[in-house]
Amino acid sequence: MNSHDLDLLELETQQRLDDGVFPLIVNGEHLGVNDNEGESDAAADAAHASARVAARVASWVEPRRAELDRLLSRHGAVLFRGFPLATVEDFDAFILAFDYPNFRYRDSLSNAVRVNRTERVFTANEAPPDVEIYMHHEMAQTPVYPSRLFFFCELPADEAGATPVCRSDLLWQRIKDELPEFAAAAEARGLLYTNVMPDSDDAGSGQGRSWRSTFFADTRGEAEARMKTLGYSWEWMPDGSLRATTPTLPAVRTLDDGRQVFFNQLIAGFRGWKDARNDPSKAITFGDAAPLDRDAVHRLCDIADELTFDIPWRQGDVVLVDNYLVMHGRRPYRGKRKVLASLVAA
């Protein structure tokens, strides 16, 4: 299989880069599940309809896995549009067809509150709709992170609510060109992240996951044992919350093909880690605990904005993201919005 076997779509706003478009968009409208079936999905029971969708998407994905992986590594994000996906079960079947290893959310150290819908699928973020989730590589503020991410639009927002994506290799090149001193310091010294976690989940914050859930612990002793294994330092607060600081983590990652990427959560932390417990000005330092150059960080945030593409969700859309190459976020929105996610282990 090669990309000539794929039915590709174009959007007027799609980015056209030296190495191809961003994101790549694949059309699946020809995969309708009613062809020559003898009965419509409306007449079939839900289990039968779901099984038919699973079989159809599996028969399309499986012979194209290697080519889709190659295209994902090149483009960084692939939007699947027009595929016969309507339910969480359909999305789960689509993920399963790729045969990727599952990364369970409960095994992560993410800050966000999320709710599982299946073993593989969970809500993308439970933060209120007026809260913006700024650009980041998923879980790059922790020592444990996924290699890829799936997003599924179960229901688009009434207004706004796009998922912005940004190529971090292009961002890193711009940072090196425009902010060479900051780039050299970030690459050499890495970053430290500090987050204050509540005693119980706070769904009103984008950083509201409790220390109990984060470290899968019932007691302080269990949480401390996990943090010690991970190389964290910590301080218990009078209200029962936990201030935890990571070990020094790299700010820059070199991919298998030699490209370097700005792989971290600096933009998200600097712009958005603000709630009743957290102050974004204190959330991230260089790996030696020295403060960041705020002017440089403001500028790199602006550069990321210049390089960002907003994915305009339609119901049934799936986006596959290379987490090593592409940052993502969430725009504020109005009305109901249901975007689900799934993680792929490294």
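Residues numbered from 1 in each chain as written. Predicted model: local features only at pLDDT ≥ 70, side-chain atom pairs only at ≥ 80, totals over all residues. Heavy atoms only, no water.

(A) Layout of the overall build of the chain. On a plain count of helices and strands, the chain comes out with 9 helices and 21 strands. Computed over its C-alpha atoms, the radius of gyration of the chain comes to 21 Å, within 12% of the 20 Å expected for a compact globule of 346 residues. Principal-axis analysis of the C-alpha atoms gives the chain an extent of 65 × 45 × 35 Å. A buried classification covers 54% of the 346 residues belonging to the chain. Within the structure as shown, the chain displays about 15100 Å² of accessible surface, and the carbon and sulfur contribution to it stands at 48%. Positive and negative side-chain charges of the chain, numbering 39 and 54 respectively, have mean locations separated by a distance of 3 Å. (Helix = DSSP H or I, 4+ residues; strand = E, 2+ residues; numbered from the N terminus. Rg over C-alpha atoms; globule rule 2.2 N^0.38 Å. Buried < 20%, exposed > 50% of the residue type's maximum accessible area, 1.4 Å probe, protein only. Areas by Shrake-Rupley, 256 points an atom, 1.4 Å probe, with all protein chains shown as cover. Lys, Arg positive; Asp, Glu negative; His and termini not counted. Charge placed at Lys NZ, Arg CZ, Asp CG, Glu CD.)

(B) Expanded view of the nonpolar core. Ranked by size, the top nonpolar core spans 33 residues in total, and within it Leu171, Ile175, Phe182, Phe262, Leu266 and Leu300 carry the most contacts. Among the secondary structure elements, those contributing two or more residues to this core are helix H4 (168–178), helix H5 (180–189), strand E11 (191–197), helix H8 (266–272), strand E16 (284–286) and helix H9 (294–307). Looking at this core, the element that brings in the most residues is H9, giving 7 residues. The contacts of Leu266, once residues within four sequence positions are left out, are Phe182, Leu191, Tyr193, Ile284, Leu292, Val297 and Leu300. (Core = buried A, V, L, I, M, F, W, Y, C linked by side-chain atoms within 4.5 Å. Contact = heavy atoms within 4.5 Å.)

(C) Highlighting H4. Taken residue by residue, H4 has Ser168, Asp169, Leu171, Trp172 and Ile175 as its buried positions. Down the axis of H4, the buried set is contained in an arc of 160 degrees. They therefore lie on one face. Check the buried side of H4 and you find it contacts strand E10 (163–167), H5, strand E15 (260–261), H8, H9 and strand E19 (326–330). (Arc of directions from axis to C-beta.)

(D) Just the state of the cysteines, in detail. All chains considered together, the criterion is met by 0 disulfides. With no disulfide partner, Cys301 has as its closest neighbouring cysteine sulfur the one in Cys166, 11 Å distant. (Disulfide = S-S within 2.5 Å.)

(E) Structural view of the pattern of salt bridges. What the rule picks out here adds up to 26 salt bridges. Across the salt bridge formed by Arg114 and Glu138, the nearest N and O atoms sit 2.8 Å from each other. Residue Arg114 is found in the loop between strand E5 (102–103) and strand E6 (122–123), and its partner Glu138 is found in the loop between strand E7 (133–136) and strand E8 (148–155); the two are separated by 24 residues along the sequence. Overall, the relative accessible area of 16% leaves Arg114 in the buried class. Residue classification places Glu138 among the buried residues on the basis of a relative accessible area of 3%. (Salt bridge = Lys/Arg side-chain N within 4 Å of Asp/Glu carboxyl O.)

(F) Structural detail: helix H2 (residues 65–75). Among all positions in H2, only Glu67, Leu68, Leu71, Leu72 and His75 are buried. Axial view of H2: buried residues confined to an arc of 140 degrees, hence all on one face. Once H2 finishes, Gly76 follows within two positions and takes phi at roughly 95 degrees, a positive value.

(G) Up close: the sheet that holds E10. Taken in spatial order, the 4 strands of this open sheet run E7-E19-E10-E17, and their pairing is antiparallel. Lying at the two open borders of the sheet, with one neighbouring strand each, are E7 and strand E17 (309–311). Between one strand and the next, the sheet's axes are offset by a mean angle of 20 degrees, whatever the strand orientation. (Pairing = 2+ DSSP bridges. Axes fitted to C-alpha atoms, helices over the stretch in contact; angles between N-to-C directions.)

Distances and angles like these do not, on their own, reveal function.
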